[in-house]
There are 2 protein chains.
Amino acid sequence: MWRMARPRKPLLSRDRIVEAAGALVDAEGLEAVSTRRLAAALGVSGPSLYNHFRTKDAILEAVADAVSARVDLSMFDAVGVADGDGDEAPRGDRGGGARRDWREALHAWAHSYRDALADHPNIVPVLARGPGRRPAGLRLADAVFGAMTEAGWPPAHATRIGALMRYFILGSAVASFARGFVDDEAAYDPVDYPHLGQAHLLAERRREVDKGAFETGLKALLDGLSLQYEALREPRA
Amino acid sequence: MWRMARPRKPLLSRDRIVEAAGALVDAEGLEAVSTRRLAAALGVSGPSLYNHFRTKDAILEAVADAVSARVDLSMFDAVGVADGDGDEAPRGDRGGGARRDWREALHAWAHSYRDALADHPNIVPVLARGPGRRPAGLRLADAVFGAMTEAGWPPAHATRIGALMRYFILGSAVASFARGFVDDEAAYDPVDYPHLGQAHLLAERRREVDKGAFETGLKALLDGLSLQYEALREPRA
DNA sequence: ACCTGAACACCGTTCAAGT
DNA sequence: ACCTGAACACCGTTCAAGT
């Protein structure tokens with residue numbers, strides 16, 4: 001039996017760990033992830049993970065970042081100013097429609113973001129605690145801010161728009177109606193809560209509420225921002 | 001030494017436990033709460049807590065509910081229909097202003113809610129995972145829904161409004177800008193994130209961003225909902 | 001009824017040792 | 001360089017025992 005050559009293939013890699021951790025989070029939730037369980041799923045012993053990540057939390061951050069990375073940002077590429085110098089406007093048959101550019105981009109982005117979160121609801125609490133140092137999270141914040149200033153929003157407004165969209169989108173995932181109310185009719189005593197007769201509806205119905213609320217809220221948000229945008233552009237009304 | 005009489009005073013009570021747990025959460029965060037640490041702060045041994053709560057999680061739920069309980073709901077009492085039967089309208093010198101009732105109530109409530117969360121940011125993740133069976137959380141959802149239907153919103157809309165306000169308010173606390181970005185300038189490489197030059201601003205400045213974003217978002221949301229309300233009331237435009 | 005210490009089955013993380 | 005077992009200082013929770 002000869003001594004094994006040095007470059008034997010590592011059993012683990014950051015990518016493999018993130019993938020397994022993500023699968024575990026999706027399947028069993030955040031609390032189910034322990035270093036020992038995760039390591040077992042990868043066929044190694046617990047401490048091995050520390051050769052690739054400094055802490056368990058760093059692994060969860062990486063899982064969260066992988067979710068952020070799947071959010072489409074391409075709609076922000078072509079966002080230009082409402083009117084005036086048309087060289088920023090996207091080529092295409094929109095005509096004066098370039099006016100609504102930032103609004104449409106925000107709408108499309110919000111949906112892409114929400115879809116990404118809906119695919120991996122269990123990791124959302126980690127995502128929600130902020131971009132911190134996660135590259136994809138920062139890229140996302142950067143893209144929104146850049147597109148809004150490009151569209152003619154003053155920087156201070158662009159910052160606020162980025163933040164308030166974050167509130168709404170992450171809030172819709174973390175404070176979901178479908179996940180927040182229990183399925184048990186007895187929990188909602190009609191004497192204590194006279195208007196909550198519908199709260200215990202079936203899970204399917206509750207998911208519809210979330211979809212409708214997201215759609216309604218997003219439309220209201222964008223309508224309201226459009227009003228502010230117009231007020232900024234034409235100060236004399 | 002005579003045998004001690006039975007009704008000696010209990011060392012613990014649910015209220016004392018909730019108070020101590022809340023203080024610990026506020027001071028050191030959610031992860032700092034262990035049954036042993038909490039018990040020590042109360043001068044008892046760990047297992048004693050289980051005489052008053054079934055699990056550690058039930059204690060945290062009670063802490064969260066205590067925060068919900070401080071949210072003012074009184075503004076929903078006097079909300080009436082926009083026009084028509086004036087017996088629902090609040091007494092007062094508003095004149096036709098009763099029209100905006102639900103909007104003003106929502107605005108005041110959102111601020112009260114946000115203030116309560118801002119006082120205890122560390123418990124927000126527990127609150128955000130839903131009212132579940134927490135009485136104050138349910139009362140809150142009940143009040144919003146009741147007031148919105150009272151104001152003339154169709155039930156399906158009222159449900160959505162309750163949900164989307166939840167998203168925004170809890171999102172503003174859980175996905176806070178101030179808490180989500182690190183204080184370290186080096187984290188935001190201008191090559192990778194060309195628009196993020198301001199992200200590392202001082203904590204104080206970041207809190208202002210959150211305040212502004214909440215205000216801007218809330219106004220946009222209510223403006224947008226007002227548009228929808230008018231469209232519902234006067235279908236022919 | 002309410003509190004205790006001991007115990008169980010877990011944790012995250014460190015570290016010396018192996019290849 | 002990368003993986004291991006042993007060890008440390010913790011966890012949440014149960015339970016028999018005490019008053």
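Thresholds applied
Residues numbered from 1 in each chain as written. Chains lettered and ligands numbered in written order. Predicted model: local features only at pLDDT ≥ 70, side-chain atom pairs only at ≥ 80, totals over all residues. Heavy atoms only, no water. Contact = heavy atoms within 4.5 Å. Buried area = accessible area lost by both parts, 1.4 Å probe. Salt bridge = Lys/Arg side-chain N within 4 Å of Asp/Glu carboxyl O. Polar contact = N/O pair within 3.5 Å; in protein donor to acceptor, adjacent residues only side chain to side chain. Helix = DSSP H or I, 4+ residues; strand = E, 2+ residues; numbered from the N terminus. Nonpolar A, V, L, I, M, F, W, Y, C, P; charged D, E, K, R; others polar. Near = heavy atom within 4 Å. Phe/Tyr/Trp six-rings, centres within 6.5 Å; stacked < 30°, edge-to-face > 60°. Buried < 20%, exposed > 50% of the residue type's maximum accessible area, 1.4 Å probe, protein only. Lys NZ or Arg CZ within 6 Å of the ring centre and 35° of its normal.

Per an unreviewed UniProt entry, the recorded name for chain A is Tetracycline repressor protein class E, and the organism is Streptomyces lavendulae subsp. lavendulae.

Asker: Sorry if this is basic, but what is going on with the interface of chain B and chain A here?
Answerer: A common way to express how large an interface is: the accessible area buried when the components associate. Listed per partner, the contact involves 55 residues of chain B and 55 residues of chain A. In total, chain B and chain A occlude about 4600 Å² of area from one another, counting both sides; carbon and sulfur atoms represent 68% of this. Scanning the region where chain B abuts chain A turns up 2 salt bridges. Between R133 of chain B and D184 of chain A there is a salt bridge whose closest N-O contact spans 2.6 Å. The tally of links between chain B and chain A comes to 12 residue pairs in polar contact (both at pLDDT 80 or more). Among the elements of the structure, α6 (135-150), α7 (155-174), α8 (177-180) and α9 (203-233) of chain B are those that each provide at least two residues to the side of chain B that touches chain A. Examining the composition of the side of chain B that touches chain A, we find that 15 residues originate from one element, α9 of chain B, more than from any other. Along the lines of polarity and charge, the residues of the side of chain B that touches chain A split into 28 nonpolar, 15 polar and 12 charged.

Asker: Could you clarify how one ought to interpret the protein's contact with DNA strand D in this entry?
Answerer: Surrounding DNA strand D, one finds 20 residues, the nearest of these being L11, S45 and S48 of chain A together with R36 and Y50 of chain B. Each atom of DNA strand D within 4 Å of the protein was classed as base or backbone; sugar and phosphate made up 58%. Here S34 of chain B contributes a side-chain N or O atom positioned 3.3 Å from a phosphate oxygen of DNA strand D. Within the side chain of Y50 of chain B, a nitrogen or oxygen atom sits 2.5 Å from a phosphate oxygen of DNA strand D. The element best represented in the surface near DNA strand D is helix α2 (residues 35-41) of chain B, accounting for 3 residues. Residues that form the surface near DNA strand D fall into these classes: 8 nonpolar, 7 polar and 5 charged.

Asker: Honestly, the packing of aromatic side chains in this entry has me stumped. Any pointers?
Answerer: When we look at a pair of aromatic rings, we describe it by the centre distance and by the angle of the planes. Considering all chains together, one arrives at 18 aromatic pairs over all chains under this definition. Between F168 of chain A and F214 of chain A the ring centres are 5.4 Å apart and the planes differ by 20°, which places this aromatic pair in the stacked class. Here the residue F168 of chain A occupies a position in helix α7 (residues 155-174), and F214 of chain A occupies one in helix α9 (residues 203-233), the gap between them amounting to 46 residues. Side by side, F168 of chain A and F214 of chain A carry an identical accessibility label, which is buried. Taken together, a centroid distance of 6.1 Å and an interplanar angle of 45° make the contact between F181 of chain B and Y188 of chain B tilted. Exposure class is identical for F181 of chain B and Y188 of chain B. Each is buried. Across the ring face of F214 of chain A, the terminal group of R114 of chain A is positioned such that the distance to the ring centre comes to 5.0 Å.

Asker: Is there a simple way to explain the pattern of salt bridges in this structure?
Answerer: Oppositely charged side chains may form a pair once their charged atoms are brought near each other. All names here are of chain A. This structure, assessed with the given rule, holds 20 salt bridges over all chains. Here D183 ties to R206 by a salt bridge, and the two come within 3.0 Å at their closest N and O atoms. Pair noted here: D183 is in the loop between α8 (177-180) and α9 and R206 is in helix α9, with a separation of 23 residues, a long-range link. By relative accessible area, D183 is classed as partly exposed at 48%. In this structure R206 comes out as buried when scored by relative accessible area, which is 3%. Taking the shortest distance from any N to any O, the salt bridge between E204 and R207 comes out at 3.0 Å. Taken together, the residues span about one helical turn, with E204 and R207 both in helix α9 at a distance of 3 residues. The class for R207 is partly exposed, based on a relative accessible area of 47%. Sharing partners across several salt bridges, the network here consists of D57, E61, D65, R129 and R134.

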